[in-house]
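# Structural features, examined
Here's the letter readout for the chains.
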Amino acid sequence: MEIQMINSERREAREYAFTILFQYKFHPDDMREVLDDFMLEHPDVAQSDYIKDVVLGTVEHIDEIDGKINEFSKGRRVERISLAGLTLIRIAVYEMFYRDDIPPVVSIDEAVTLTKKYDDEQVVPFVNGILGNIKNSIS
């Protein structure tokens, strides 16, 4: 029961991180402020440390993350990936390379689940494929 609650809290936290990072395209220089505003509006959010780490870490390593995405996206540059799909891929890649506490298969599964919720169904195999290829390259 406790593991399931932790997993649902993490999924919710990942979803919050997604909504914050979704704004990166529009406010790339203001992400700390966007994050701080979110935290003020949601002072009791579960897993706030995870949210802060993923948002700030993804922004800090965005060029490296996008380089990995470009390397494994089979000709589709990050500029051509839907914003929701790209944001979810970025989170998963960040988790795979910078979060030892999250197995890569969990990062992929969560990205696919949230892609189904926030993007077109046709994007799901693309997200799954890129992340699977990145995971295989580091295994």
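Residues numbered from 1 in each chain as written. Predicted model: local features only at pLDDT ≥ 70, side-chain atom pairs only at ≥ 80, totals over all residues. Heavy atoms only, no water.

## Regarding the packing of aromatic side chains
Stated precisely, the cut-off is as follows: Pairing of aromatic side chains here covers Phe, Tyr and the six-membered ring of Trp, requires ring centres within 6.5 Å, and sorts the geometry by plane angle: under 30 degrees stacked, over 60 edge-to-face, intermediate tilted. Buried means the residue's accessible area, taken with a 1.4 Å probe over protein chains only, is under 20% of the maximum for its type, while exposed means over 50%, and partly exposed covers the values in between. A run of H or I in DSSP counts as a helix once it spans at least four residues, and a run of E counts as a strand once it spans at least two, with each numbered from the N terminus.
For the structure on display, the rule yields five aromatic pairs. Note on F22 and F26: the rings are 6.5 Å apart at their centroids and 50° apart in plane angle, and the pair reads as tilted. A residue is classified by how much of its surface remains accessible, and F26, at 54% relative accessible area, is exposed. Relative to Y98, the ring of Y94 lies with its centre 5.1 Å away and its plane at 20°, an arrangement referred to as stacked. Taken together, the residues span about one helical turn, with Y94 and Y98 both in helix 5 (residues 83–98) at a distance of four residues. Judged by relative accessible area, Y94 falls into the buried class, the value being 4%. Owing to a relative accessible area of 27%, Y98 belongs among the partly exposed residues under this scheme. Site record: aromatic cluster; members linked through ring pairs are F18, F22, F26 and Y118.

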